[in-house]
Amino acid sequence: LRQAWKLRPERQGLIKKWLLFQSEHDRHDLIVDFFEENLLPEEEFQVILLGSLVKNRNFEKFKRFLKHTPLSKDTHPQIQFFHGSMAFEQGDLRTAELEFKEYLKRSNTSPQRRRKSLELLMEIARRQDNPHLQRSYIRQVLQLAPDRPELYVKLGDTYTGEGKKREALKAYMEALNF
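These numbers come from a predicted model, not from an experiment. (Residues numbered from 1 in each chain as written. Predicted model: local features only at pLDDT ≥ 70, side-chain atom pairs only at ≥ 80, totals over all residues. Heavy atoms only, no water.)

Here's the deal with the overall build of the chain
Phase 1: Across its full length, the chain holds eleven helices and zero strands.
Phase 2: Mapped in sequence order, the helices and strands of the chain form the string α-α-α-α-α-α-α-α-α-α-α.
Phase 3: Within the chain, the fraction of its 178 residues that count as buried is 42%.
Phase 4: Residue pairs in contact within the chain that sit at least 24 positions apart in sequence constitute 45% of those at least 6 positions apart.
Phase 5: Taken as a whole, the chain presents about 10,600 Å² of accessible surface, with 50% of it coming from carbon and sulfur. (Helix = DSSP H or I, 4+ residues; strand = E, 2+ residues; numbered from the N terminus. Buried < 20%, exposed > 50% of the residue type's maximum accessible area, 1.4 Å probe, protein only. Contact = heavy atoms within 4.5 Å. Areas by Shrake-Rupley, 256 points an atom, 1.4 Å probe, with all protein chains shown as cover.)

Encoded structure:
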């Protein structure tokens, strides 16, 4: 594939498919290695690299690379998601929360990243011991992915933690319906 790029740069579609395949299979190390040998000027490829750098927890390289590209949160909502993910992974929950909330306000976002943003906000609310907010995020995720019984269990757990047995039982029963 690397030779195909060097010999025939017009084959961007093949490279994009390979990069997306590797990303879907969590092979972000291969993506980073590929970009270290092949600098691709297309913004779409650069966004894929940035996502892989965050998933590989290579935050310093992410920051350095981003400085040298025209990409920004304003033009590419994925960048905002990556910043939130990076802050979350580094334990900066306040920044992560702000980035994800801003990301969710945007209309041009992917459904998978919207769901993941809500899931991470749900986890932030749990860590902040805010069951009411956690339930709000759980319900929003359930609107996007209603076939996830583990979320009903989490919902029940938030009620249990507050001593709301009736609501907890109802949520646990929902989980059992799957």
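Resuming the write-up.
Considering the side chain of Gln80
Phase 1: Along the chain, Gln80 falls in helix H6 (residues 77-89).
Phase 2: When residues no more than four places from it in sequence are discounted, the contact partners of Gln80 are Lys73, Glu99, Glu102, Tyr103 and Arg106.

So, the pattern of salt bridges
Phase 1: Counted by the stated rule, this structure contains 13 salt bridges.
Phase 2: Here Arg135 ties to Glu162 by a salt bridge, and the two come within 2.9 Å at their closest N and O atoms. Remark: Glu162 occurs in the loop between helix H10 (149-161) and helix H11 (165-176) and Arg135 occurs in helix H9 (residues 131-144); sequence separation between them is 27 residues.
Phase 3: We classify Glu162 as partly exposed; its relative accessible area is 36%.
Phase 4: It is possible to trace a salt-bridge network through shared partners that takes in Arg115, Glu119, Arg148 and Glu150. (Salt bridge = Lys/Arg side-chain N within 4 Å of Asp/Glu carboxyl O.)

Notes on the nonpolar core
Phase 1: Counting residues in hydrophobic clusters, the biggest one holds 39 residues, and the most contacted among them are Leu50, Leu53, Phe62, Phe82, Phe88 and Phe100.
Phase 2: Contributions of two or more residues to this core are made by helix H4 (43-55), helix H5 (59-67), H6, helix H7 (93-105), helix H8 (111-127), H9, H10 and H11.
Phase 3: Listed in part, the six residues of the second largest apolar core include Ile15, Leu19, Phe45 and Ile48. (Core = buried A, V, L, I, M, F, W, Y, C linked by side-chain atoms within 4.5 Å.)

Let's talk about the environment of Pro77
Phase 1: With respect to the element layout, Pro77 can be found in helix H6.
Phase 2: Separated by 36 residues in sequence, Pro77 and Arg113 place their C-alpha atoms 9.9 Å apart.
Phase 3: Among all residues touching Pro77, those that are not within four sequence positions of it are Tyr103, Arg106, Asn108 and Thr109.

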